[in-house]
Amino acid sequence: MQGVKTLSEFIIERQEDFPFASGEFSRLMNDIVIASKIINREVNKAGLVEILGATENENVQGETQQKLDVFADEQFISALQNGGEACGIASEENDDFVAFDNERSKQGKYIVVFDPLDGSSNIDVNVSIGTIFSIYRRKTEIGQKAELKDFLQSGREQVAAGYVIYGSSTMLVYTTGNGVNGFTLDPSIGEFCLSHPNMKCPSNGKIYSINEGKRAEFSNAVQSYLDYVKEDDKSTKRPYACRYIGSMVADLHRNLLKGGIFMYPESKSAPNGKLRLLYECNPMGFIMEQAGGKAHSGSINIMDIEPESLHQRVPILIGSTEMVDKVLSYY
Ligand code: P6P
């Protein structure tokens, strides 16, 4: 039986794939892995310890911060600041970016943007949630503190992106631009082990994921697509099914594996959609494109958007290429 390959072994084995000097990517990924393992431990026992529920605070999005949101954010900041490979971070839970000011971190060549716990409103009802991260090379001189321009880079500049899904098992899925690989956490050894090598998103699929409660607010194009998937035309035996978890990482992970489209389009109440470009749409777009899928805003490929602000929202249509193209044909 082929031996188990851990994430650490995989990264070292593929060192030449990474546009990083030797060892830097391994250390940066290891910092992220450490934080993910700690978060996983807390998520898995959230019902047992006083970490469920909401704080009295709101994040910059105006969303009530869950206790686990804050905990997860603190774990990433601590792991990345102590690791020294990143000179700064930006996260959904922090109004502004954080430029690390210790001497070692100022030597860091990279910045990391992340959503520490996406879908956190689902924590209390035990639905899968996730972490999403994206890694860029810094634009500013090494040795200085990070600046806003280090973070406002288009998705095309990403050097790595990934997500962790805390579900029936905990998986880490990432890309460095050489395909997508998935690793499942084996709690008995505390290691992420290669379980989904070279992940590919089917070019077509049967699943569409959207919050249809907002149908009346969607554009005519999106409403036309929804009519299409529900057309009662038995001759075509139209096979579609709606699957919507309300946790982007969980919906996208399923659609990546089985084929499908996830849509959070513009609407009357959310003219730019809801999901954030920097730490949700770009990383998931990089992964999906590397797996053979597509990520589009309805007017431009997600990763071609030039960011204007840290928490900028964009509409997103992402998943199987033929399904995204079908929606775009109505635009
Ligand atoms: P709605 C979770 O809050 C999130 O950011 C994504 O994970 C999820 O896909 C979306 O919002 C759900 O939003 O408006 O359908 O509840």
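That block above? That's the structure.
A brief report on the enclosed structure follows. (Residues numbered from 1 in each chain as written. Predicted model: local features only at pLDDT ≥ 70, side-chain atom pairs only at ≥ 80, totals over all residues. Heavy atoms only, no water.)

This part takes up the pattern of salt bridges. The tally for this structure, following the rule as stated, stands at 14 salt bridges. Of the charged contacts, one joins Arg276 and Glu92 as a salt bridge, the two residues approaching to 2.4 Å between their closest N and O atoms. Here Arg276 is found in the loop between β13 (261-264) and α8 (277-290), whereas its partner Glu92 is found in the loop between β3 (86-91) and β4 (98-99), with 184 residues between them in sequence. Exposure class is identical for Arg276 and Glu92. Each is buried. With its nearest N and O atoms 2.5 Å apart, the salt bridge here joins Lys294 to Asp325. Of this pair, Lys294 sits in strand β14 (residues 294-296) while Asp325 sits in helix α9 (residues 321-328), and the two are 31 residues apart along the sequence. Through salt bridges that share partners, Glu92, Arg276 and Glu280 make up one connected network. (Salt bridge = Lys/Arg side-chain N within 4 Å of Asp/Glu carboxyl O. Helix = DSSP H or I, 4+ residues; strand = E, 2+ residues; numbered from the N terminus. Buried < 20%, exposed > 50% of the residue type's maximum accessible area, 1.4 Å probe, protein only.)

The subject of this paragraph is the site of the ligand. Neighbouring residues of the ligand: 14 residues in total, closest Asp118, Tyr244, Met248, Tyr264 and Lys274. The separation between an oxygen atom of the ligand and a polar side-chain atom of Tyr244 is 2.6 Å. For the ligand, whose accessible area on its own is 400 Å², the fraction buried by protein is 83%. (Near = heavy atom within 4 Å. Polar contact = N/O pair within 3.5 Å; in protein donor to acceptor, adjacent residues only side chain to side chain. Areas by Shrake-Rupley, 256 points an atom, 1.4 Å probe, with all protein chains shown as cover.)

Here helix α2 (residues 24-44) crosses helix α3 (residues 67-83) at 155°, and the two axes come no closer than 9 Å. As far as their axial angle goes, α3 and α2 are roughly antiparallel. The interaxial crossing formed by α2 with α3 has right-handed handedness. Between α2, through Leu28, Asp31, Ile32, Ala35, Ser36, Ile38, Ile39, Glu42 and Val43, and α3, the contact on the second element is made entirely by Leu68, Phe71, Ala72, Gln75, Phe76, Ala79, Leu80 and Gly83. In terms of residue class, the contact of α2 with α3 is made up of 12 nonpolar, 3 polar and 2 charged. (Axes fitted to C-alpha atoms, helices over the stretch in contact; angles between N-to-C directions. Parallel < 35°, antiparallel > 145°, perpendicular 65-115°, else oblique. Left-handed = near helix turned anticlockwise from the far one by under 90°. Contact = heavy atoms within 4.5 Å. Nonpolar A, V, L, I, M, F, W, Y, C, P; charged D, E, K, R; others polar.)

Inspection of the secondary structure puts Glu289 in helix α8. A C-alpha to C-alpha distance of 8.9 Å links Glu289 and Thr321, two positions 32 residues apart in sequence. Glu289 has contacts with Arg156, Asn301 and Met303, leaving out every residue within four places of it along the chain. A polar atom in the side chain of Glu289 sits 2.7 Å from the side chain of Arg156.

Okay, the nonpolar core next. Leu7, Val112, Leu117, Ile135 and Tyr174 are the most contacted members of the largest nonpolar core, which totals 38 residues. Those residues in contact with Val112 that lie beyond four places of it in its chain are Leu28, Leu80, Ala86, Gly88, Ile89, Ala90, Phe133, Ser134, Ile135 and Phe151. Counting 31 residues, the second largest nonpolar core, distinct from the first, contains Ala161, Ile165, Leu275 and Ile316. (Core = buried A, V, L, I, M, F, W, Y, C linked by side-chain atoms within 4.5 Å.)

Moving on, we get to the packing of aromatic side chains. This model, assessed by the stated rule, comprises 10 aromatic pairs. Each ring, one from Tyr174 and one from Phe183, has its centre 6.0 Å from the other, and the planes form 25°; the classification is stacked. Owing to a relative accessible area of 0%, Phe183 belongs among the buried residues under this scheme. Taken together through their ring pairs, the aromatic side chains of Phe10, Phe25, Tyr174 and Phe183 make up a single cluster. The ring of Tyr228 is capped by Lys326, whose NZ or CZ atom sits 4.5 Å from the centre of that ring. (Phe/Tyr/Trp six-rings, centres within 6.5 Å; stacked < 30°, edge-to-face > 60°. Lys NZ or Arg CZ within 6 Å of the ring centre and 35° of its normal.)

Attention now goes to α8. Extensive coverage of α8 is indicated by the burial of 12 of its 14 residues. Immediately downstream of α8, the backbone of Gly292 shows phi near 95°, a positive value.

Now for the sheet that holds β4. On the basis of which strands lie adjacent, the open sheet formed by 8 strands has the order β4-β3-β5-β6-β7-β8-β9-β10 and mixed pairing. Looking along the sheet, the strands with just one partner apiece sit at the ends: β4 and β10 (191-196). Bridge count between β3 and strand β5 (residues 110-118): 5 bridges; the pairing is parallel. Across the sheet, the residue bridging to Ile89 is Val112, located in β5. Packed on one face of the sheet, α3 meets β3, β5 and β6 (129-137) and runs near 160° to β5. Relative to the sheet, α8 contacts β3, β5, β6, β7 (160-166), β8 (170-175) and β9 (180-186), its axis offset from that of β6 by approximately 85°. (Pairing = 2+ DSSP bridges.)

Another aspect to go through is the sheet that holds strand β11 (residues 207-209). Reading across from one edge, β12-β11-β13-β15-β14 is the order of the 5 strands in this open sheet, with mixed pairing throughout. A strand with exactly one partner marks an edge of an open sheet, and here the two such strands are β12 (241-242) and β14. As judged from the 4 bridges shared by β13 and strand β15 (residues 316-319), these two strands associate in the antiparallel manner. When the bridges of β15 are listed, Phe262 appears paired with Ile318. Across the sheet, helix α7 (residues 248-258) is in contact with β11, β13 and β15; its angle to β11 comes to roughly 160°.

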